[in-house]
Amino acid sequence: MAMSELDKNYLQYPHRSYGMDHKRYDWSMLQDRPKVVWPEGKLLALWVNVGLQYFPLNQKGHPFKVPGGMTKPYPDLRHYSLRDYGNRVGIYRFLKAFDRYGIKPTFAVSTRLAERTPYLIDKIKEREDEIICHGYHMDALHYGGQDQTEEAELIRKSLDGLRQISGQAIRGWISPAKNESANTPDLLAEQGINYFCDWVNDDLPYPFHTKKGSLIAMPLSTELEDYHIILNNQHSAESWSEQVCDACDFLLQDARDNGGRILSLNIHPWVLGQPHRIGYLEKVLDYLSSKPEVWSAYAGDIVDAWKA
Amino acid sequence: MKEDPGYYDYWPYEDRPKIEWPNGAQLAFWVAPNIEFYELDPPPNPYRSPWPQPHPAVQGYSIRDWGNRVGHKRQMELLDKYGIRGSISLSAALCDHHPEIIEMCKERDWEFFSHGIYNTRYTYGMTEHQEREMIKDAMESIFKHTGQKCAGYLAPALSHSEYTLDLFAEVGTELFGEEGGFYSCDLFHDDQPTPIHTRGGKRFVSIPYSLEMNDTIAYLVQKVPPRQYGKALKENFDRLYQEGIESGTIMCIPTHNYQVSCAHRIKAYEEALEYITGHSNIWVATGKEIANYYLENYYDTALADISAKKIRN
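Residues numbered from 1 in each chain as written. Chains lettered and ligands numbered in written order. Predicted model: local features only at pLDDT ≥ 70, side-chain atom pairs only at ≥ 80, totals over all residues. Heavy atoms only, no water.

S.K.: Is there a simple way to explain the interface of chain B and chain A in this structure?
M.R.: Across the boundary between the two partners, chain B contributes 62 residues, which contact 60 residues of chain A. Surface buried jointly by chain B and chain A totals about 5,100 Å² across both partners, of which 56% is contributed by carbon and sulfur atoms. Considering only the side of chain B, the residues that lose the most area to chain A are Gln59(B), Arg69(B) and His264(B), jointly responsible for 15% of the buried surface there. In this assembly, chain B and chain A are joined by 9 salt bridges. (Contact = heavy atoms within 4.5 Å. Buried area = accessible area lost by both parts, 1.4 Å probe. Salt bridge = Lys/Arg side-chain N within 4 Å of Asp/Glu carboxyl O.)

This is how it looks when you write it as structure tokens:
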């Protein structure tokens, strides 16, 4: 008989037992949870999450090139400047749209961007919208196999910097590319993060186990985000708007039957802030804000209402 | 390595013996939800990486977990609504991890067929003995947890060896006699069932499962918008339904809860199910029911026809 080319553990399954194949969180189906009620009896919490990202020109791409980052040989001016466009131009279109439709946006900020663009951060601070940390910058990835001390320092630098510049407590976190090491949740909880948005495995928040302190997973849909649908899937902005409205209709009905739900919209000013796309964001916000059962809220407020 | 897998003969899609499904139905319709378990930290395989990033691959793992935590019930409600019993392509380890899902499917008399142990353990690189053990483990688990004698196979993550179908047929016989291991979803060469050669000569068929209608192929590989997927499902049905007047056809929708059940996609899927099941003269069945019916009524005729046409060649 031929020799196997596989390690002998290939047909051994040490985690084949009830629940998950790891200890990070408990197995639980959405249908079995207590019904959630949002403030004022609303049915659908709308979490508009705006990625304010910094993609450095001198990208290292370790251990992979961040989606949305530089793809051409150095200096990749086209991608650097097109991402920068979002933070110079697109974001101001976003802010006008949010005000027009009464949206409460949550801003996920690369700390390096906050260091580089005080005007923009002051603008957000004045609005008193919630700011969460999106890592140091988009090329500062957290990844499996990363040295733990190095990662702890990266998280400390990201959080200290953003806390100082923003004057906010910074309770929330999204890793660049939503990528993590096995230690990331522990390190985040240790450094005062209450909730993080990397895991997309639920429609409601849920408790995450860490070595120290409590941490809530707050799922932020990747499937519905502008970058994923428009640039990865290559659908039109119009199709994105249809998909979001379809999701809203479905989740509203689900909420009527089964308790409060969340519509999480992760959007980026360098994608939807373009002149030919901004109209579709406005169309979506118009549709969502016209629904009396929709509660537009900051991510942290949604987490708090869920806990209560 | 072989030039041709040798599982089936060339058999043109014209002038075949006429198939009529039960009650004269012209199309057999089945839905195959893949209910899978992907591991967070699977062992490496030299031929295929389970995840594109160093583990933990949070994004890939967690959206698939969403399918089990959230998506499963959403699709199940739709299938209930349109009177469809799912034929589950099952990662057998899910019986151990998530027995609640297995119970929900059992209550509805859905079919379970084998999709290996985990969708992160590939057949590539296994010895024949190892593959046989893996196939047997999965069939035994399904029997232990559901009482069903597993009839069908879709290899885990569509990873195969040259012996995959032979081994599945043999292990099925070893465990359950003629009631086990007699159809495969692994081949995409036809819109009707076809007899399959296995080395033991067992009565064994390929049941069309369709990669083209597979939601993961549509959404993840071809990246189509939901409404385009819904339209493709309807158009695929229209053509097979029309051709089924001449000789019965099969349409399968293979699904994954982490794709088709997403809030922005489920409407397109529901519209297609409503459209398809709104037609008369279709047989809504499971994979095993279709395979059994074919084996009992058309398998021998098909063999004779294939043989006659080969001689004429």
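That was the structure; now back to the text.
S.K.: Explain helix H7 (residues 226-243) of chain B to me, please; I cannot follow it from the model alone.
M.R.: Residues and elements named next belong to chain B. Along its 18 residues, H7 runs 26 Å from first to last C-alpha, staying within 8% of the 26 Å computed at 1.5 Å per residue. Residues of H7 that are buried include every one of Pro226, Tyr229, Gly230, Leu233, Phe237, Leu240 and Tyr241, and no others. Along the axis of H7, the buried residues cluster in a sector spanning 105°; they form a single face. Residues of H7 that are exposed and angled more than 90 degrees away from the buried face: Lys231, Arg239 and Gln242. (Helix = DSSP H or I, 4+ residues; strand = E, 2+ residues; numbered from the N terminus. Expected span 1.5 Å × (residues − 1). Buried < 20%, exposed > 50% of the residue type's maximum accessible area, 1.4 Å probe, protein only. Arc of directions from axis to C-beta.)

S.K.: Looking at this model, I keep getting lost on the packing of aromatic side chains. Mind explaining?
M.R.: Aromatic ring pairs are reported here in terms of the distance separating the ring centres and the angle at which the planes meet. Residues and elements named next belong to chain B. Enumeration according to the criterion identifies 34 aromatic pairs over all chains in this entry. Residues phenylalanine 237 and tyrosine 275 carry aromatic rings whose centres are separated by 6.1 Å and whose planes lie at 85° to one another, so their mutual orientation is edge-to-face. Here tyrosine 275 lies in helix H9 (residues 266-277) and phenylalanine 237 lies in helix H7, a separation of 38 residues in the sequence. Note on phenylalanine 237: relative accessible area 0%, which makes it buried. Among the residues examined, tyrosine 275 registers a relative accessible area of 31% and is labelled partly exposed. Seen from their ring centres, tyrosine 293 and tyrosine 298 are 6.4 Å apart, and the 50° between their planes marks the pair as tilted. Residue class for tyrosine 293 comes out partly exposed when judged on its relative accessible area of 22%. Judged by its relative accessible area of 14%, tyrosine 298 is buried. (Phe/Tyr/Trp six-rings, centres within 6.5 Å; stacked < 30°, edge-to-face > 60°.)

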